Amino acid sequence: MASIFDLVSFKDIQAEEIQNDDEMIVIPLVGPALGDIEKPSNLVFEKTTGYGKMQFKNIGDKLAIVPSNLMIRGTGAQDHAMSGSGIVVEKTTHVFDNACCIEQSQSGYLKSQNNIEDVLPISLRRSLLSLSLRNHKSYDKLWPDISDWLKGLDIKKTSSAHLNYFYNDKNIKEELEQFAAAFEPVQDQIGAIIFFGKDPVGIEIMSSPEHWNTYWKHLIRGCYGAELLRLKMLNVLQPSTLKLPRVTKDNTLEDITQKIESFSKKLIQEMVDIVKNIQVTNDIRISIDNRKKVEIRLITTKTGGGDIILQESKPVYMSLVL
Amino acid sequence: MVKKQMKIDSGILQFAPKGAFYEDASEQFKAIFNMWTDLFQYDRTLFCLMSLLNGTGFSKGSISHMLLSNPQTGKELIPKTLAFDYETKIIKYNLRKEKTPRALKNLLMLAGKEGTHSNLIDTVNGKKRVNNSRTKKIILDYIFNRGHKDLDNLAVNYKGKLKKLIRHALGNVDLHKILNGDTKLFNKWIGRYYANAMPVLLYLFDKELEKNVVYAHYKKISQVQLLKKAAIDGDVNNFRKLMKGIPILTAMGLRNCYKVPIEKSELYTDTTMSSRQKLTSESAAKRTGVEVEVDYKNQNIYDLWKVFFHKITIKDLEKIDEIFEALEFQGKKINKIDLGDVAVILDCSSSMKGSDKRPLHPFLTAISILSSIDNIKEIIPVGGKGIVRTLEDGSNYLYPEGSTKLWKGLIKAAATGIKNIIVISDGYENNIKGMFEHVYKILKRKGHEFELIHINPVFSADAKTGTTRKLTEDTIALPVTDYKYLETELLFNRLIENRDVVEQLLLNKYRKLIGG
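For clarity, every value in this text was computed on a predicted model and none was experimentally measured. (Residues numbered from 1 in each chain as written. Chains lettered and ligands numbered in written order. Predicted model: local features only at pLDDT ≥ 70, side-chain atom pairs only at ≥ 80, totals over all residues.)

K.L.:
What exactly am I supposed to notice about helix H18 (residues 301-313) of chain B here?
P.N.:
Each turn of an α-helix holds 3.6 residues, which means side chains three or four residues apart point in the same direction. All names here are of chain B. The end-to-end C-alpha distance of H18, which contains 13 residues, comes to 18 Å, matching closely the 18 Å that a straight helix rising 1.5 Å per residue would cover. All buried positions along H18 are accounted for by Ile301, Leu304, Trp305, Val307 and Phe308. Buried residues of H18, viewed axially, fall in a sector of 165 degrees; they line one side. Lining the buried residues of H18 we find helix H16 (275-280), helix H19 (320-333) and helix H20 (361-372). Lys315 sits one or two residues past H18 and shows a positive phi near 60 degrees. (Helix = DSSP H or I, 4+ residues; strand = E, 2+ residues; numbered from the N terminus. Expected span 1.5 Å × (residues − 1). Buried ≥ 20, exposed ≤ 12 C-beta atoms within 10 Å, placed from the backbone. Arc of directions from axis to C-beta. Contact = placed C-beta atoms within 7 Å.)

Here it is as structure tokens:
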């Protein structure tokens, strides 16, 4: 099978300087905008029309993409998450009826205002890679996985499948903000490769820097930061620190600059090579709109997978957990 | 049990609840509030005296709130050289030093009507509203202890706020009695400050004047009364005539409330605006087709940079040269701090854009700080993107964007051989974490002699110590969220370790500013 990079053939995308905090390492990906996709501010989450039904409105005049596993948390209403990514055609409203409730014993429907948006943590996204679970129209389908995910964590409540027990915890909230702060978007950034230590855990590519600027915090804080913090709380992640380059007394200031620059370049190359070697094990088309020439494909790797969206046969979006 | 170490820095004087790129205002407030509480409990006198130093209106208002909501018991250790009512004197002094809108906001904090974060004050002191005899006197003193012309202007400009404050200070029962002619009560609470204040009180509470009471001294109030009548009657011509010389917000309020068919542009032309109002409403006025004459030369450097970047962003370049001249003028006029030769590393990364509530604040503060430092030999910007000022001269101005390679800036600064290196940054490296400190240690090991000063224009509730994020273990981050406080910060930072010296210094300041 092909490597992920061969398969998606994103052109002109380059890796930028590494950013890290604790065990999380992020390689920013920069490049030109992909395809012709509506800007994120024109895609609005409107409400939940029933349990497991999330309604979005695209007020723009191009196709809009709902990021994979987008999670909406409100107050006094059942929080929801998308089972995958989604497409909302221009000037239309679309209800995704295979969404998941993520707050077991809470009633009430979400409205458009006063919500917090994030993306589901890695493990729960992995659960939704199963096509049958993803397509299953049952609002409670993720509750067993959420309960497992919360198990063993030192937070006030873990009794029900409420993801907000985790996200609303005062200390966790603060730590997640710090994670996000350490990974500021760089110019022209459209994506990132994310590692825990030297293990790749995700590749995210959005359609444009504007999309990345809108969603990077959802991903870094809600998805990757949350999972990293959970693993650390459970003591299952080995601490790892980057060994910074050594400098001798005779090195001039220019030498030091060069050493750090080449250390950084080498590190990027090593990490990109790790991702290049990840093989795709399965590739399924899960939805297609011939009129709009757009399709969503679900690809899987040995340990994970995720969605790729193609517009006129060219990739315009990718979100994989590895 | 190990006693909790008190965390304190001059951030306690510089807080404004505006939020930052990564944190909302309530998170920041919490960190600052803990500092206020700690210092208050540690040494009430020091806490109060400290508010004489330069600081934000919000911080001083909150400090006053804390002092007034915890009445003096007489058991506090007050230095012999201070009178028992020194707190009241300091609170009053600070109020008079503030611009009127800020002073009124600080008083409204006492009425529980101002400061969105005062719910936190609640949890500690048990009271959001503070209404004791001292508070009452301070409020009424501030409003009525002034000349008639001043009172006339105050009443016209801030009618709504004054109503709330007076109601809070007097209580509904006494207010009702006073408005209905109880002269004994009036003299007790208001007449002691200004005997002829009754017409003002009646105006503020929309009461009819008694036959023998006239607005003789109060020309503005009587003009506003007539303006209001014209608005109610729909007499547009008279409204137009009477609005001349009236504050724009008052005239605008009556126009909007009574739907007087007068163009906004006429209001901008014929009413009065403060110098700062002119600066802040320049663009809005321009959209209505009116050119507001702004005296740029007399604005402060922060406001000038703010307008400068705003105009460049919206590509309104008409007055840019004038603003630039004013920047140069103010840059020369400003009191500069001499630290010897200095190299400055300027963080221009995305997070220096600040929060939505206060866009560009960290960056504008950073470049304003540059004007407050003497002998800058080198400025090393890190990150940022160039924005072109005009097509003709192609001048490039940096705008915050992208990530931060601060370590590279440090190497460049060290290469200059300059002994004082100032880094102005929010403290987020957004690169390989710890690389700045790594390079700092390498340079020190290699024998580069320099003193590193980290100025952080962003408060951070998640800072490990104090209110700002540090870049290296042995360099304290100095929180400076307003260029005017740079000197305060440098002094505070050096002296805080020595409580007696600080206290003596502040006592001297008290005597100099307020007297015995």
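Continuing now.
K.L.:
Looking at this model, I keep getting lost on the pairing of strand S13 (residues 189-196) of chain A. Mind explaining?
P.N.:
Remember that side chains alternate between the two faces of the sheet whenever the strand is regular. Residue and element names in this part refer to chain A. Most of S13 is tucked away: eight of the eight residues are buried. Where strand S3 (residues 24-30) meets S13, seven bridges bridge the pair, whose relative direction is antiparallel. Across the sheet, the residue bridging to Ile25 is Phe195, located in S13. Pairing geometry for S13 and strand S14 (residues 199-205), over six bridges, is antiparallel. Residue pairing in the sheet places Ile193 in a bridge with Ile203 of S14. (Pairing = 2+ DSSP bridges.)

K.L.:
What is the right way to read the environment of B:Ala477 from this model?
P.N.:
Residues and elements named next belong to chain B. For Ala477, the position within the fold is in strand S7 (residues 477-479). On the basis of neighbour count, Ala477 is assigned to the buried category, with 27 C-beta atoms found within 10 Å. Sequence-wise, Ala477 and Val423 are 54 residues apart; in three dimensions their C-alpha atoms are separated by 9.6 Å.

K.L.:
I would appreciate a short explanation of the interface of chain B and chain A in the present structure.
P.N.:
How big an interface is tends to be reported as the loss of accessible area on association of its parts. Across the boundary between the two partners, chain B contributes 25 residues, which contact 25 residues of chain A. Of all the secondary-structure elements, those providing two or more residues to the side of chain B that touches chain A are helix H21 (406-415) and helix H22 (435-445) of chain B. For the side of chain B that touches chain A, the element with the most residues is H21(B), which contributes five residues. Among the residues forming the side of chain B that touches chain A, the class breakdown is nine nonpolar, nine polar and seven charged. (Nonpolar A, V, L, I, M, F, W, Y, C, P; charged D, E, K, R; others polar.)

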